[in-house]
Every structure is written in C-alpha cells, then in structure tokens.
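What follows is each chain in one-letter form.
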Amino acid sequence: MDRIDHLLQTAGKRIGLLLAAVTLVGAALMPATAEAAVQARTAASFVDSIGIDTHTSYSNTVYASRFPELKAKLAELGVRHVREDLVPGNSGQYTRLNELAGIGIKPTLIMGSPKNGISGLESLLSTATSKLKGIDALEGPNEYYASGSANWASEDAEYQRRLWELAKANPALSSLPILGPSTVFWENGELGDVSQWLDYGNIHPYPGGYPPEEYLQRHVEYATKSSGSKPVIATETGYHNAMNWTGDFPPTSEQASATYIPRIFLDYYENGVARTFLYELVNEQPDPGLTEREDNFGLLRNDLSEKPAFVALRNLIGILKDSGASSFAPGSLSFSVGGNTEKLHKVLLQKSDGTYYLALWRATSVWDPVKQVALNPGSAPVTVSFGQSIETVERFAPNSSSASLGSFSNPSSGVSLEVGPQVTILRIVPGGTATPVESEATPTPVESEPAPAPAPAPEEETKKPSHGKKRTRVTAWTTTTAASPGDAVVVRGEVESSEEQPHEVAIQAWEGGWRTVRRSAVSSSGTFGTRVRLKSRHGARVLRLRALAAAAPSAPVRVRLKG
C-alpha cells in the first residue's frame, strides 16, 4: 500500500465532524411496518465478492518463507480471490500463484505502472499469458497519483488505454475483466475519464479507524469521475493494528477491526461494490513494538497466529458458503424489521437449498481513532416479523462462532433479538421450503455478482420473464431510496440470460406507463450502471424505476422524493 497520508489528514477530520453532527439523542424507536416481499441475493455471490490482498512476490517476508502454511490458511479462511502486483521475472511468485489457482484461489493482477513503460507492460502481459493459470482480472496502475510525477494523470490514462488495447487484442486475455487505476477521495487532482478502457472502476476506501459504512459512498461517487457508470471494485481497504504508530492514519485495535471487517464486506456488497479486497492476509514483517503501520494490516500476525478478524471472517464465510447448485434464481422473503432501527443495516441472502440468511448490524463506532480507546455503543432490541409461514429461525454470531447459537420458538409470529455493532445472522427456513430450480443461465466463472440493496417486490404492472427454455432475468437497485427532486441517483444491476447477453438496458420510470429515461451498456459479465436525474411529475412523491433488457423487466425500485 502506498502513502495515503494527505487523504486521511483531511478526511479524518471531516469524518470526525460528521460523526459529531449525526449523533442522535435517544433511540430511534420505530414500529414494525407491514411485511413486504424482499428480493434475496445468492449467498454464493456474497462469498464470491470477498478477496484478500497478498504479496507472494515478497521473497524477504513470510509470504515466501512460510508459503505452504499461508496457502493452508487461505484455504481455511474460504476466500477464492487474491490480488497483488505481477512482478517481472519473479518465478517464485508465479509458482505460488499457480499453486493457489490449483486450489481454486485465483489472482487479480496489477499490471505494472507507467514507470515500466509500454515495453514493460507488454512483458507483463506475455508473462500472464505464458506463466500463470486461472487469472481473475487485470488491473491498471496502483495509486499512481502518489508517484511524484507532475504528469501522473496523463501518464496513468495512457498506460490504462494501452493495457486495455493490448489485453483485448490478445486471444488468451481478451475475456478477462480490466480494472481501472485505483483512485481515492482526494481533492488535489483527478485522473480524468478513462471509462472506455475499463470494465470496473477501482477504489481504495480505507476508513482510517472509523466505521466502514460512513466512508464508502464518497469513494464510489469520486470513482465516477474516472470510471463513469461502470461498476466498481474495492481493491484495497482495511485497518492496521500498529498500536504505537504515531503518524497519520491512526491504528485500530484488533478487537475493533474484528467488528468492522465483516461489516466492510457486507456493507460494500449491500451498496453495489462488485468485489472487495481486504488489505492484507498477513503482517509482512515482525514488529514486536507495534510501531510500523505497514507491517500490521494482516488478518494474521507475522508468526501466522490468528487475529480476531481472521476468525470472524472465517466464521462469516463458513456460515454463508453454499456447496449446492452453482447458479439458481433466488426468491423473496416476506418480512419487516421493527423496534430500534437506528443505524440498522440488513442484507438478505439465500442458499440453493431454499434457506434465507438475514445479516443484521448497527453502523455504530466501537473505536475512537483520535483518542485510541474502545467505545461501547451497546445493542438494542429489534423484532423481525414475517408475512409467511416460517419453520425455523436460528441465530449466528460470526465474531463468536460459525455454529448456531440457538433457535427461536414460534418463529412465524416473529422473533425478537438484540442487535449491536457486531454482525448477527438469522438462518430462516420458510414453511414448506423447496429447493430452488437451478438457473439455466451459464454463470460467469471470473466475476462475482455485484451486490444490491434489497429490491422491492414486483409491482402489478411488472411483466414476469418467460419460464421457457430461453430466459432473461434483470435485477436492478439504486444507491439510495430517498432523494430530493433534481438529484441524481445511481441505478445499478445485472442481466442473466440463457440467450446472447443483451448489450444494453433501458432505465425506465413509471408515469402512468413505463417511459425510458436513460440507457446503459451491459458489461461482459452482465452488469450495468448509470445515473438518473429524479423528476417529480404530477406531484408524485414516490418515483418507481426499473431496468428493461431483451423485453424482460426488473422488479421496480422505489425512490421516495423528499421536500
């Protein structure tokens, strides 16, 4: 990770002010609303959105000296994606990455920087073609804005263009997704629009010791300056535990990191980030004094002992991994959450056996990065009510265990529980659950599904996709469900088709009939995204949006107009 000191000097102060400004007095007690059918996403897609940064090219670290043990730890953790720089001529790196690919853990490779020149890029592409197996994606320059070059933006853009053109012209690489150069929320310079030369934007939303939920959106918005409406991947984020570090970017305790890291993956998924890579797997060097931040980002300590965050993430993946059908059409669950819903987040997932998994947590702080002390925001009661018959509900707490911590009696009448800053997961088995039918769409082996906020139930006017042999399925969501007239919201989604993948979706608004207000290209992986300016017609206070591809519409998404 390169220096991000300037970023955090300014952003840390702003976040502190933001936290003070939004502090609420008393609990936000809200009665349960009427149960609504909430569209689930697949648990497998969430697990597939999790990645870890590694450095198998670092021959003077445990990544090389203890690689067999780290390989076993990665397998134990359950991640299937790693990300690192591809280093020219480093045969040890190629061997280690191929070993990981052999057990289903595939690399996203950073393809050098403008400092290497185009000949260096061509050499790296040749290496990727001839030396490596199972590559997930190719990535543009890493944090090149910090290179010191006065012309960093034009050099970065030109290198990205050449990466795109050379990779797409190579039959062995042309199908791989191309990630753009990494960007950060930084006021002192912009890369410019390079969206035509990438499939995914690239962000590094380090929270700087603060809760992850309060820090993501500014990075996603900033990324649009370079990647337009393309979906984004967070190729670095995380916390360091160098408790005696005295520079910028203050430390976060191991216990606080363990609370925040499961939330990072769920929150980013909830907000449409296609994949998130945590920086990093292991502390690169021994640092008994805990004075060097760059040596303390790992999920594992330098002696490979497990930090609490490793345990929490392993449990989260263990609870949600799905060994069943590789692709199926998830259903919807009729439920609502009432009680104290202050800062409450929720993500609904479904496994191929028909069971639902509802993740709940509060986006509260458990660590003061300025005073460097633990905070205890406590928990508060919520009630999950169901609008359908429920057979069983079990509770899981990834920070404690991967095993069920108990079940609720009479779940159909609702379940009450305490929810705090750590993730709680409810395993929900509907009455008469049947295993969902496998989707006829061919899953994309390289890229994960991007993660939406839960979509509303289909409206009456929504046409259902055909259930015949050929079918197209469209899912859409927005980055917000409440905005003022005239604001722009980002509409994202994905298309799954057993026919030829549609190249375009129409974004439509309901005005007594569906009217197309914007169009968006569909990526090779089936994802799309674009901005829509909200307009209130005839005094309507709720705007309904949907996406249409190959005559198949998504379920409508409601956006409430404020003011």
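Residues numbered from 1 in each chain as written. Predicted model: local features only at pLDDT ≥ 70, side-chain atom pairs only at ≥ 80, totals over all residues. Heavy atoms only, no water.

> What should I look at first to understand the pattern of salt bridges in this one?
A side chain of one charge can pair with a side chain of the opposite charge when the charged atoms of the two come close. Within the structure shown, the criterion is met by 24 salt bridges. Of the charged contacts in the structure, one is a salt bridge between Glu306 and Lys73, with a shortest N-O distance of 2.6 Å. Taken together, the positions of Glu306 in the loop between β11 (276-278) and α10 (308-320) and Lys73 in helix α4 (residues 67-77) put the pair 233 residues apart, joining distant regions of the chain. The class of Lys73 is buried, set by a relative accessible area of 17%. (Salt bridge = Lys/Arg side-chain N within 4 Å of Asp/Glu carboxyl O. Helix = DSSP H or I, 4+ residues; strand = E, 2+ residues; numbered from the N terminus. Buried < 20%, exposed > 50% of the residue type's maximum accessible area, 1.4 Å probe, protein only.)

> Can you walk me through the nonpolar core in this structure?
Counting 84 residues, the largest nonpolar core has Phe46, Met111, Leu138, Leu299, Leu313, Leu320 and Ile425 as the members making the most contacts within it. For this core, the element with the most residues is helix α9 (residues 254-270), which contributes nine residues. The residues touching Leu320, leaving out its near neighbours within four places in the chain, are Ala43, Phe46, Val47, Leu349, Lys351, Tyr357 and Ile425. (Core = buried A, V, L, I, M, F, W, Y, C linked by side-chain atoms within 4.5 Å. Contact = heavy atoms within 4.5 Å.)

> When you look at the sheet that holds strand β20 (residues 424-430) in this model, what are you seeing that I'm missing?
Strand-to-strand pairing in sheets goes through backbone hydrogen bonds, with the strands running parallel or antiparallel. Judged by pairing direction, the sheet is mixed, and its five strands sit side by side in the order β3-β13-β14-β20-β18 without closing on themselves. Two strands bound the open sheet, and with one partner strand each, they are β3 (41-42) and β18 (390-396). The pairing of strand β14 (residues 356-362) with β20 spans five bridges and is classified as antiparallel. Within β20, the residue paired with Tyr357 across the bridge is Arg427. This element, α9, spans β3, β13 (344-350) and β14 of the sheet and lies at about 80° to β13. (Pairing = 2+ DSSP bridges. Axes fitted to C-alpha atoms, helices over the stretch in contact; angles between N-to-C directions.)

> How should the environment of Pro377 be read in this particular structure?
In this fold, Pro377 is placed in the loop between β16 (373-374) and β17 (380-386). By relative accessible area, which is 37% here, Pro377 ends up partly exposed. Taking C-alpha positions, Pro377 is 7.5 Å from Pro421, a pair spaced 44 residues apart along the chain. When residues no more than four places from it in sequence are discounted, the contact partners of Pro377 are Thr364, Ser365, Val366 and Pro421.

The quantities given are spatial measurements derived from coordinates; they are silent on function.
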